[in-house]
Amino acid sequence: RIQLVTMIKYRSRTLRCSYTDPKWIKTMIRMRCFREAFFIASCGAGVAFLLWCAHVWTPVSLEQITKVFSTSAYSALLWFLATLIVFRTSHSYSRFWEGTTLVYQMTGHLTDMTHVALGFTRYGTADQQRKDQFKHTFARLISLLHALILADLEGDEKETISKALEYELLDVQSLDTKSLLFIRRVALNREHLPILIFQWLHNLIVDNIST
């Protein structure tokens, strides 16, 4: 049975720069694209440092170094790398905004679905207590589904559940204990969690469609 308690539990937050946030730094280090880019940049920086050391600490003159390395080849390589970086940056930027737009569209679709489903209960023939139970259960499952999807998009395979529960969820603790334990059990296969909650939403609608 659903307990009617405070649905949203807000937490106080402090505003600080993301670049100095230890949690943000750990998340960035876990990203594969950052590690690969950091490795390539470190290799280039190491080569540049060795050339600088050869220029400063050895009697090799700058003219001798330029004879070994062709300036035309260096200019062509620099132009190619600059073009590649601009193209990749532009492509990444467009993909980022495309993904952000899809996330906002998903949030809007979930909101619309909640409004429609709860609006249909006005013409239901069931008693008010059953209507309230359907509304509260539906809203909590939508909140949990949205949090699981966002946590899955964050990219960490091992901490999907813990990250999802860090969001400001509607009172999920009021769901029955059997369902919460089953979610913990399915958490080993994290890709199945959003599908599971989505199926529960369908089952909830079908079970109450006659009312």
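Residues numbered from 1 in each chain as written. Predicted model: local features only at pLDDT ≥ 70, side-chain atom pairs only at ≥ 80, totals over all residues. Heavy atoms only, no water.

Where an unreviewed UniProt entry is consulted, the protein appears under the name Bestrophin homolog, with the organism given as Noctiluca scintillans. The Subcellular location (unreviewed entry) field of the UniProt record for the protein holds the comment "Membrane". (UniProt positions renumbered as here; feature names shortened; annotations may be inferred.)

Caption draft 1: Here's a closer look at the side chain of S143. Inspection of the secondary structure puts S143 in helix 5 (residues 128-154). Residues within four places of S143 in sequence aside, it is in contact with L169 and L170. (Helix = DSSP H or I, 4+ residues; strand = E, 2+ residues; numbered from the N terminus. Contact = heavy atoms within 4.5 Å.)

Caption draft 2: Quick peek at the UniProt feature "transmembrane region" (unreviewed entry) in the protein. UniProt's feature table lists "transmembrane region" (unreviewed entry) at residues 37-57 and 69-87, given in the numbering used throughout. Between the end C-alpha atoms of residues 37-57 there is a gap of 30 Å, over a span that is 100% helix and 0% strand.

Caption draft 3: Fine view of the nonpolar core. Counting residues in each nonpolar core, the largest one holds 22 residues, and the members touching the most others are F138, L141, L144, I183, I197, W200 and L201. Of all the secondary-structure elements, those providing two or more residues to this core are helix 4 (71-119), helix 5, helix 7 (177-186) and helix 8 (193-207). Among the elements that line this core, the one with the most residues is helix 5, at eight residues. Setting aside chain neighbours within four positions, we find F138 in contact with M113, T114, A117, L118, L201, L204 and I205. (Core = buried A, V, L, I, M, F, W, Y, C linked by side-chain atoms within 4.5 Å. Buried < 20%, exposed > 50% of the residue type's maximum accessible area, 1.4 Å probe, protein only.)

Caption draft 4: Fine view of the environment of F134. Looking at the element boundaries, F134 is found in helix 5. Among the residues examined, F134 registers a relative accessible area of 9% and is labelled buried. Separated by 16 residues in the primary sequence, F134 and L118 have C-alpha atoms spaced 8.4 Å apart. Contact partners of F134, with chain neighbours within four places excluded, come to A117, L118, T121, L204, I205 and N208.

Caption draft 5: Focus on the packing of helix 7 against helix 8. Contact geometry for helix 7 and helix 8: axes closest at 10 Å, N-to-C directions at 150°. When the axis of helix 7 is compared with that of helix 8, the two are roughly antiparallel. As helix 7 runs across helix 8, the sense of the crossing is right-handed. Between helix 7 and helix 8, the residues in contact are S179, F182, I183 and V186 and L193, L196, I197 and W200, respectively. Of the residues that constitute the contact of helix 7 with helix 8, the class distribution is seven nonpolar, one polar and no charged. (Axes fitted to C-alpha atoms, helices over the stretch in contact; angles between N-to-C directions. Parallel < 35°, antiparallel > 145°, perpendicular 65-115°, else oblique. Left-handed = near helix turned anticlockwise from the far one by under 90°. Nonpolar A, V, L, I, M, F, W, Y, C, P; charged D, E, K, R; others polar.)

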